[in-house]
Every structure is written in structure tokens, then in C-alpha cells.
Amino acid sequence: TYSTSALHGTPKTSTIDSLDFSIQPGGSTEITGTLDIPNASYYAFSCRIAGGQIVFVWIEDHLVCHTDPPFGNTNSSIDGSKENPLSYSAATRQHIVIHIYASSEQPV
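This report concerns the structure included in the present document. (Residues numbered from 1 in each chain as written. Predicted model: local features only at pLDDT ≥ 70, side-chain atom pairs only at ≥ 80, totals over all residues. Heavy atoms only, no water.)

Topic: the pattern of salt bridges
Put simply, the test is: Any carboxyl oxygen of Asp or Glu that lies within 4 Å of a side-chain nitrogen of Lys or Arg is treated as forming a salt bridge with it. Here a strand is any run of E in DSSP of at least two residues, a helix any run of H or I of at least four, and the numbering for each starts at the N terminus.
Taken as a whole and assessed by the stated rule, the structure comprises one salt bridge. Across the pair Asp-36 and Arg-93 runs a salt bridge whose closest N-O atoms are separated by 2.6 Å. Taken together, the residues span a long stretch of sequence, with Asp-36 in strand S1 (residues 29-37) and Arg-93 in strand S6 (residues 92-101) at a distance of 57 residues.

Structural data, given as C-alpha cells:
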């Protein structure tokens, strides 16, 4: 977590155990880690985001979730949606990155 709204400066680091989390209001946050894909299949992802001003979620190089402003969001506008699922041919571990910019007064 950074004290600025732009992932800039010296971050305060911590560990989270799941993707169901909240952060304190103000500043910005970068979350990195891995996601285990258990078997070969098509995968669709859904994100519930509350409070963050601008939030992006990537799995490897696929943008799988983002908040509406300023980009808009339709079911087929992102990878990993029901309309555009990610395909994996075997069990794998994928990198995940979440950016939260200028979180609002409500926890994300």
C-alpha cells in the first residue's frame, strides 16, 4: 500500500491469504501473487469491487476485471468473462496482479 494515489513512493507491505480482502481508504495498492488453475478447462472470472476509484485485475497478461471509469465495462470487453473465457490446457499456476488507485473513503 502506498500513501499516494499513484503507486508511487515507498510501499507498506503485508500478506493476504485470499482474494477476498479489503484495504484501508486512501492511497493506492498493488497486490501480486499466484492463482492455481486446478485442471484443463475454460475459466471465467468475476470481480466484486467496492470503494476503489480505479481498479485493474490481470491474470498473466489478461485484463480480467476493471472498474467502469474511465473505460466502461461490457461482458465481452475483458478476457476471462463468460463470453470470452480463458482456456488452459493443463493445471497451471498463473501470476495475478491487482492495482487499486486512489481508494475512496470506503474500504475496498
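Concerning the state of the cysteines
Note on terminology: disulfide describes a covalent bond linking the sulfur atoms of two cysteines. Put simply, the rule reads: Note on disulfides: each one is a pair of cysteine sulfur atoms within 2.5 Å. The classification of residues rests on relative accessible area computed with a 1.4 Å probe and restricted to protein chains. Under 20% of the type maximum is buried, over 50% is exposed, and intermediate values are partly exposed.
Enumeration according to the criterion identifies one disulfide in this entry. Each sulfur in the disulfide pair Cys-47 and Cys-65 lies 2.0 Å from the other. Every disulfide takes its handedness from the sign of the S-S torsion; for Cys-47 and Cys-65 that torsion is 80 degrees, giving right-handed. Separated by 18 residues along the polypeptide, Cys-47 in the loop between strand S2 (41-43) and strand S3 (54-59) and Cys-65 in strand S4 (residues 62-66) bring together distant segments of the chain. Overall, Cys-47 belongs to the partly exposed group, its relative accessible area being 34%.

So, the side chain of His-99
Here is the rule: In protein, a polar contact requires one atom able to donate a hydrogen and another able to accept it; more generally it is a pair of N or O atoms within 3.5 Å, and residues adjacent in sequence count only if both atoms are side-chain atoms.
Take His-99: it is sitting in strand S6. The class of His-99 is buried, set by a relative accessible area of 13%. Side-chain polar atoms of His-99 contact the side chain of Glu-30, separated by 2.9 Å. Among the polar contacts made by the side chain of His-99, one reaches the side chain of Tyr-101 at a distance of 2.9 Å.

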